[in-house]
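Topology and contacts: notes
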Amino acid sequence: IPVAASRETAENEENSGGVFLSAVRLQLLFAFLLSAATLLFAGPFALLLRDQSLVPIIRFTAFVYPATALYSLLSNYFNGLHAFSAQARLTILYAVVKLAFSVGLLFALRSVPAALSGFIAGGVAATVVGLALARGTIRGRIRSLVPFRKLFIFAGTFVGMSIALQLLMSLDLFLVKRLLRDDTLVGYYNAAVTIARIPYFILQGLGFVFLPSVARLFKEDGERARRFIRDVFRYLFLLLLPVTVFSAATSKALLFLFFSEAYAPAARPLTFLSIALGFLSAFYLLSTIAAGAGRPRVPLVISWTLIPLAAALGTILIPRYHLSGAAITTTCVALVGTVTLAIYMSKRFRLTFPLLTLVRGAVATAVAVVPTYFVSPATVLLPFWYLLLFAAYGLTLLALGEIRSEDWGYARRLLPKKP
């Protein structure tokens, strides 16, 4: 629903207040429905995972939905207005308050619900501040309310895809829990999953920008929109390739940056998961572009088709290869989904991807990753090591002629300016 509101706001900015008020009603309705469903089905879901101790924890999360509903809507509303400064302030406030309450109450009360309470505190604080920031763009811009059906159709399609992606990123963990029945192994795998998802959540911000931008561009100039998508393809490849390869090549050191050496068994799964989440990041960003271009059903169908494939493959590989089998499962389905969606996008929008960019990006990544096989920096120095690797990657791209001086200026102008 927030994403649907973002897209509608970008296309109809003069009625931003009407869009927001319509979305608020729908958002709160579904927030309370989700809360009720979570309370009702906590028991059956814990039974599915064969761990009844999860019931009170799952039920506690029911209070998160109404607390964060308006924050999520406000963040996407500012995104639709291209008010990225306000969106950033709101996101930072939510993160800081959530962290403070989660860590503080966890330290004081020593319980999982105490840690989860940060979501509630952060959502309430961001909602109060967000409403104050949005007041000026809501009042005076109410031309008409948007029909619920219009928001719901797009929201249902896009959220269906988002749910499928979340299931794909979690299904391997659920299968490890169910098939291996060893909480220690579940803990190791969850550590690997948590680290592998970092690039995904960072790049998720790009998706929030791309969707309203593509929607606005297709409304104004279809050819310019196609050029935008083609450029996004190129930059996405050049960004994701080194992130994925560097994470996979330094998986053990990256793991020890966040966890103790007792988590060493998670290093090998993290290598595969770094690749898997790289593909899923690309899939997500391509999906938001497709949704902004008015084609959200295509990634929806692809993503839900991947779930039974992942379940079947995981059932075969996990009992045989344990944690590595779970990670390989996610990698395979992510690769299939990303390639399928990329082929569709190329044909639908008549895009061409320069072969030289593929070759130069691969060569630059290979050059930059070579030192990781000879040098193992201290864990505390790992962030600086990554900076050196990315510097080597960028300089190699410059030497190969892939990045030119005009690229920097063009990247700043890539997003359409607010009219």
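Everything discussed here concerns the structure shown above.
The paragraphs below set out a description of the structure included in this document. What you see is a predicted model; the values in this text were computed from it and never measured. (Residues numbered from 1 in each chain as written. Predicted model: local features only at pLDDT ≥ 70, side-chain atom pairs only at ≥ 80, totals over all residues. Heavy atoms only, no water.)

Moving on, we get to the side chain of Thr250. Inspection of the secondary structure puts Thr250 in the loop between α9 (222-249) and α10 (251-258). For Thr250, a relative accessible area of 8% translates into the label buried. Among the polar contacts made by the side chain of Thr250, one reaches the main-chain carbonyl oxygen of Phe246 at a distance of 2.7 Å. Not counting residues within four places of it along the chain, the set of residues in contact with Thr250 comprises Thr372 and Tyr386. (Helix = DSSP H or I, 4+ residues; strand = E, 2+ residues; numbered from the N terminus. Buried < 20%, exposed > 50% of the residue type's maximum accessible area, 1.4 Å probe, protein only. Polar contact = N/O pair within 3.5 Å; in protein donor to acceptor, adjacent residues only side chain to side chain. Contact = heavy atoms within 4.5 Å.)

Looking now at unusual backbone geometry. Residue Arg50 is not a glycine yet carries a positive backbone phi of 60°. Positionally, Arg50 belongs in the loop between α2 (16-48) and α3 (55-60). Its relative accessible area of 42% is what places Arg50 among the partly exposed residues.

Along the chain, Ser72 turns up in helix α4 (residues 64-80). The class of Ser72 is partly exposed, set by a relative accessible area of 27%. Each C-alpha atom of the pair Ser72 and Gly123 lies 8.2 Å from the other, and the pair is 51 residues apart in sequence.

Turning to the nonpolar core, a few remarks are in order. If you look at the biggest cluster of nonpolar residues, it comprises 69 residues, and the most contacted ones within it are Val176, Tyr189 and Met345. When residues in this core are grouped by element, the largest group, 13 residues, is from helix α11 (residues 267-292). Beyond its immediate sequence surroundings of up to four residues, Val176 is in contact with Arg181, Leu185, Val186, Tyr189, Ile318, Leu323 and Ala326. (Core = buried A, V, L, I, M, F, W, Y, C linked by side-chain atoms within 4.5 Å.)

Turning next to a nonpolar patch on the surface. Together, Phe353, Leu355, Leu358, Val359, Val363, Val367 and Leu400 make up an exposed nonpolar region whose accessible area comes to about 560 Å². The greatest single-element share of the nonpolar patch, amounting to five residues, is contributed by helix α13 (residues 355-369). Looking at the secondary structure, you find Phe353 in the loop between α12 (297-348) and α13. (Patch = residues over 30% accessible without salt bridge, like charges linked within 9 Å, V, L, I, M, F, W, Y side chains within 5 Å. Areas by Shrake-Rupley, 256 points an atom, 1.4 Å probe, with all protein chains shown as cover. Salt bridge = Lys/Arg side-chain N within 4 Å of Asp/Glu carboxyl O.)

Throughout the structure, instances matching the rule amount to four salt bridges. Arg360 is the salt-bridge partner of Glu402, the closest N and O atoms lying 3.2 Å from each other. Here Arg360 lies in helix α13 and Glu402 lies in the loop between α14 (382-400) and α15 (405-413), a separation of 42 residues in the sequence. Judged by relative accessible area, Glu402 falls into the buried class, the value being 2%. For Arg360, a relative accessible area of 21% corresponds to the partly exposed category.

The interhelical angle for the contact between α10 and α14, taken along N-to-C directions, is 140°, at an axis separation of 10 Å. One way to sum up the angle between α10 and α14 is to call them oblique. Between α10, through Ala253, Leu254 and Leu257, and α14, the contact on the second element is made entirely by Leu382, Pro383 and Tyr386. Considered class by class, the residues forming the contact of α10 with α14 number six nonpolar, no polar and no charged. (Axes fitted to C-alpha atoms, helices over the stretch in contact; angles between N-to-C directions. Parallel < 35°, antiparallel > 145°, perpendicular 65-115°, else oblique. Nonpolar A, V, L, I, M, F, W, Y, C, P; charged D, E, K, R; others polar.)

The next thing to look at is the packing of aromatic side chains. Throughout the structure, instances matching the rule amount to nine aromatic pairs. Ring plane angle 80° and centroid distance 5.7 Å describe the contact between Tyr188 and Tyr263, whose orientation is recorded as edge-to-face. Within this pair, whereas Tyr188 is found in helix α8 (residues 183-220), its partner Tyr263 is found in the loop between α10 and α11, the two being separated by 75 residues in sequence. Residue Tyr188 is classed as buried on the basis of its relative accessible area, which comes to 19%. Put simply, the rings of Phe20, Tyr77 and Phe78 pair up and form one aromatic cluster. (Phe/Tyr/Trp six-rings, centres within 6.5 Å; stacked < 30°, edge-to-face > 60°.)

Moving on, we come to the packing of helix α1 (residues 2-11) against α2. α2 packs onto α1 with a crossing angle of 170° between their chain directions and a minimal axis gap of 10 Å. Judged by the angle between their axes, α1 and α2 are roughly antiparallel. For the pair α1 and α2, contact is made by Pro2, Ala5, Glu8 and Thr9 and by Ser16, Val19, Ala23 and Gln27, respectively. Across the contact of α1 with α2, the residue classes break down as four nonpolar, three polar and one charged.

The subject of this paragraph is empty space enclosed by the protein. It is the rolling of a water-molecule-sized probe over the atoms that shows where space remains empty. The final tally for this structure, using the stated rule, is three cavities of 30 Å³ or more. Put simply, the largest cavity is a space of about 70 Å³. As for the largest cavity, its lining consists of Ile195, Ala196, Pro199, Leu240, Val243, Thr244, Ser247, Ser274, Leu277, Gly278 and Ser281. For the lining of the largest cavity, the secondary-structure elements that each account for two or more residues are α8, α9 and α11. (1 Å grid on protein atoms, 1.4 Å probe; cavity = no way out; pocket = protein on both sides within 12 Å on 5 of 7 lines; lining within 4 Å. Points joined across faces, edges and corners; volume = space filled by probe spheres on them.)

Counting through the fold element by element, Ser346 comes out in helix α12. Note on Ser346: relative accessible area 25%, which makes it partly exposed. Spatially, the C-alpha atom of Ser346 lies 40 Å from that of Gly187, the residues being 159 residues apart in sequence. A polar atom in the side chain of Ser346 sits 2.9 Å from the backbone oxygen of Ala342.

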